[in-house]
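Working through the structure, step by step
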Amino acid sequence: MLVGKSLECVTEYVEKLSAGLEREQKKSGLSWGQKAWLEFTLMCIIVTESVCWRKYVRVGLGRYSEALLSYYFRCDMTWELRVSTSIRIVLESFGTYEGILVIDDSGKKRSKVTTRIPFVHYYKDKEGTGSVRGQETVFLVLVTPLITIPVGYAFYQPDPAYTEWVKEDKRLKKQGTPKASRPKKPEPNPEYPTKQQIALTLLEEFCRDCPYVTIKLVLADALYGSADFMDKAALISKQTQVISQLRRNQNVHDKRRKWSLDEYFKAYPGVPKELPVRGGKTQHMIIGSARLYVEAHDCIRFVIAIRYSGQEEYRYLVASDLTWRTDDIVKAYTFRWLVETVIEDLKVHGGWGKATKQPDVEGSRRVLILSLLCDHCLILHPEQQARAAAKEPLYTIGSLQRHLKLEAFAVWLEEWLEGDDLDDKVAQLTEAILPLAPLQKSDK
């Protein structure tokens, strides 16, 4: 596929973004060069599904050089402001100003040699392949009645001193060294915030930058199921409901005695229910619930045990607001899985998952911002807005992107075939294409 003139949906989005920045900054928005660069970059992300200047030179037939593309990428263009402005544009276009905030984290594998790529460390792969080397990112996603969009992110970097202490402590423990003789745990370093602290910061930034959005509740997985996180998240979002998960061995109390969660829900098993989930589907579940005193939280929480058909073990949810019904909490928690789809779209279709080798902290952050802006641009496609107005499900990002690839090629072909002297144009095209794939010497 080749990139010629920008598609109308991309041009309209960039114009709206520039107008929004002008309104926010009380001065001129994007310059002509910045608009042209952003349009071309978004078009190339749609066509190549990557953020790589060398690929962009090829699909653009050398219209822009790598140096020029990199220059506009590195120059200051109010990157962080563009995210909040884009969020406002999307919500205004769909007329929706309330929703659920979902927090999750994801890893992106990197090569073993990453001297200029920041935030790289070893982490446990969620796919079960052991420890891998890469970057971990905490995402904040807004789920509204009409759309689901990414609204915030931050990279996670573990404290090197704590990592070394854990490694040494495990080694000494394996040798049988008593705890008193092992090194003490280092004090937390504010320069290396935990994922929970990063998530709370993202919540604060979103509530500050988008005060017009009404937050109904906050969802997160078991990593964020501490009392401190749930209480602070409720305070920041100015509402009472935060839903997370508990471990099966955590202790709870009822009026009679102390239990582990596994023990309690074996004694009081759940009942089968059919609950509707987003998309019009119905899910069969085994659900049990109780308002219990949770030792780790030092207060009473609404605890729910759910098990899908075919599963043997319960998953335990915890909710901070005791007034909600069991069914409403379970329905709300099913929205948490939408964040997996959003992250997958950013990796596969938004360019964040492939060929993102831009170095340094700014390079990593701005690549992800470009992926977020591309996602917002595709959500604002006229076909998507028309389906939302008709109360129909929106198209998937992948299918829309495949459609736009063909449309982009048709636009390029129409532009290229305009006028006369087709033979000369073929010669010019051949002359432009062949140097983009140079021959290389072989050692054989």
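Quick look at the structure, then. Predicted model only: the values in this text are computed from it and were never measured. (Residues numbered from 1 in each chain as written. Predicted model: local features only at pLDDT ≥ 70, side-chain atom pairs only at ≥ 80, totals over all residues. Heavy atoms only, no water.)

**Description of the packing of aromatic side chains**
Enumeration over the complete set of coordinates arrives at 21 aromatic pairs. Summarising the aromatic geometry, the rings of Phe-139 and Trp-352 are spaced 5.4 Å apart at their centres and angled 80° between planes, so their arrangement reads as edge-to-face. Here Phe-139 is found in strand 3 (residues 131-143), whereas its partner Trp-352 is found in the loop between helix 11 (338-348) and helix 12 (360-379), with 213 residues between them in sequence. Comparing Phe-139 with Trp-352, the two get one shared label, buried. Summarising the aromatic geometry, the rings of Tyr-153 and Phe-155 are spaced 6.0 Å apart at their centres and angled 85° between planes, so their arrangement reads as edge-to-face. Just as Tyr-153 is buried, Phe-155 falls in that class too. The structure contains a cluster of three or more aromatic residues connected by ring pairs, namely Trp-37, Phe-40, Trp-53, Tyr-56, Tyr-64, Phe-73 and Trp-79. Sitting over the ring of Trp-337, Arg-336 keeps its end group 4.3 Å from the ring centre. (Phe/Tyr/Trp six-rings, centres within 6.5 Å; stacked < 30°, edge-to-face > 60°. Helix = DSSP H or I, 4+ residues; strand = E, 2+ residues; numbered from the N terminus. Buried < 20%, exposed > 50% of the residue type's maximum accessible area, 1.4 Å probe, protein only. Lys NZ or Arg CZ within 6 Å of the ring centre and 35° of its normal.)

**A look at a nonpolar patch on the surface**
A surface patch of nonpolar side chains, about 380 Å² in accessible area, is lined by Phe-409, Leu-413, Leu-417, Leu-422 and Val-426. Residue assignment for the nonpolar patch shows that the elements contributing at least two residues are helix 14 (397-417) and helix 15 (422-433). Ranked by residue count, the leading element in the nonpolar patch is helix 14, at three residues. A residue is classified by how much of its surface remains accessible, and Leu-413, at 30% relative accessible area, is partly exposed. (Patch = residues over 30% accessible without salt bridge, like charges linked within 9 Å, V, L, I, M, F, W, Y side chains within 5 Å. Areas by Shrake-Rupley, 256 points an atom, 1.4 Å probe, with all protein chains shown as cover. Salt bridge = Lys/Arg side-chain N within 4 Å of Asp/Glu carboxyl O.)

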